[in-house]
Amino acid sequence: MAHPIPAYDLAPVWELLAFGALLAVVPLAWIAWRHRGSTEARRLQALTVLTLFLTFDLVLFGAFTRLTDSGLGCPDWPGCYGQSNPVQANPQISAAQSALPSGPVTHAKAWIEMVHRYLATGVGALIVLLTVAAWWQWRRWRKGRGEAPSISRWWVTATLAWVCVQGAFGALTVTMRLFPAIVTLHLLGGAVLLALLCVQAVQQTFRVHATAPAPVAQGLRTGLVFGVLLVLLQLLLGGWVSTNYAVLVCSTFPQCQGSWWPPMAFGEGFQLWRGLGLLADGSHISFEGLTAIHYVHRLAAYVVLAVLGWLAWRMGRSGSLALQGRWLAGLLLLQFLTGLSNVVLGWPLVAAVMHTGGAAALLVVLVWALAATKVPETLQKPTPATFAISSSSGASA
């Protein structure tokens, strides 16, 4: 009788942290060489932008890990059978693969899962460094020994805290055996991390180039906020489709199963706290439940396409957001094409990964547009406090 594998084995944790720190040295060395002689603010801005880029890559590789069924390639956390790499765990992986060749544990899947963890550790190390640098910059400025901080230390501290939350969800993804709600929240956490880094990158760029957010109409700003919330909701719905393997229940477009309104069980499909493929009572989720998951995401996609299409048009007309508007329009087209190919071509891996990446990129562009703009003070609605101040000024005059 085989012994059960412990869900957590912290024996390799120091080796993994060391490997993550080693990975972080590569982008750090590049920044140091590329921006030698630059100001401290410029180097910090470059490091933030690079960390944002690498985090986006991590989100893409996370999608690749999920879509290749490699999420349990190493069935324990943080290592692989208590080892820091699949080479050391070769006997256990070989035994598991021999017992079930098409199962969750194979040599290829183990490597995919561990590479994802290595990359996540490297990104975490970079964010730790950004946090330390921001606090150090603030401390030197307070003592009159350096330039003013280029970013609020609280922004980077919140980002570091969020990375820790993401790490916890990554661990739960494995130890709770791909629990759909946990995997979906892990995907959402990656999107929020991208948004946090994007805001910091934009703010630091303003500081380096001595520029300020561009003034735009209140209506456009409100539309951007609504767009961000809409994309986050659609990311949740898309993650729910992917983590429940509901993509292929509708293999035609625009209809599903030959109908504009196929049989659906919404109560089953959106029963949130349950295991993969199961309902809360332990029974299997029905085909109608999976259809509900897929079709709600598809219907929501029409709303997202319409709202973001309007936003792209408005951004193009605003002048100051023309670049972001073009990016938004191009990404919307990419999302439509990759989403369509997932359905009619049977969920090809490249298109599926690009669909996740496109959703993350849409979020980054919208957050970029929000962080790069403001409502002119003359267009802001007066608050009771500002009204009282203006009345007092008028009376004294």
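Residues numbered from 1 in each chain as written. Predicted model: local features only at pLDDT ≥ 70, side-chain atom pairs only at ≥ 80, totals over all residues. Heavy atoms only, no water.

Let's shift gears to the state of the cysteines. In this structure the tally under the stated criterion is two disulfides. Across the disulfide, cysteine 250 is cross-linked to cysteine 256 (sulfur-sulfur distance 1.8 Å). Residues cysteine 250 and cysteine 256 share a disulfide whose torsion about the S-S bond is about -60°; that sign makes it left-handed. Using a relative accessible area of 0% as the deciding quantity, one classes cysteine 250 as buried. Ordering the disulfide-forming cysteines of the protein chain by sequence position, one finds them joined as 1-2, 3-4. (Disulfide = S-S within 2.5 Å. Buried < 20%, exposed > 50% of the residue type's maximum accessible area, 1.4 Å probe, protein only.)

A contiguous nonpolar surface patch, about 1,100 Å² in accessible area, is contributed by Phe253, Trp261, Phe266, Leu299, Tyr302, Leu305, Leu333, Phe336, Leu337, Val344 and Leu345. As for its position among the elements, leucine 345 is in the loop between helix 10 (322-344) and helix 11 (349-371). Exposure remark for leucine 345: the relative accessible area of 61% places this residue in the exposed category. (Patch = residues over 30% accessible without salt bridge, like charges linked within 9 Å, V, L, I, M, F, W, Y side chains within 5 Å. Areas by Shrake-Rupley, 256 points an atom, 1.4 Å probe, with all protein chains shown as cover. Salt bridge = Lys/Arg side-chain N within 4 Å of Asp/Glu carboxyl O. Helix = DSSP H or I, 4+ residues; strand = E, 2+ residues; numbered from the N terminus.)

Tallied over the entire structure, the rule returns two salt bridges. Across the salt bridge formed by glutamate 40 and arginine 140, the nearest N and O atoms sit 3.7 Å from each other. Pair noted here: glutamate 40 is in helix 2 (residues 40-67) and arginine 140 is in helix 4 (residues 107-142), with a separation of 100 residues, a long-range link. Of the charged contacts, one joins arginine 117 and glutamate 113 as a salt bridge, the two residues approaching to 2.8 Å between their closest N and O atoms. Taken together, the residues arginine 117 and glutamate 113, both in helix 4 and four residues apart, mark about one turn of the helix. We classify arginine 117 as buried; its relative accessible area is 9%. We classify glutamate 113 as buried; its relative accessible area is 4%.

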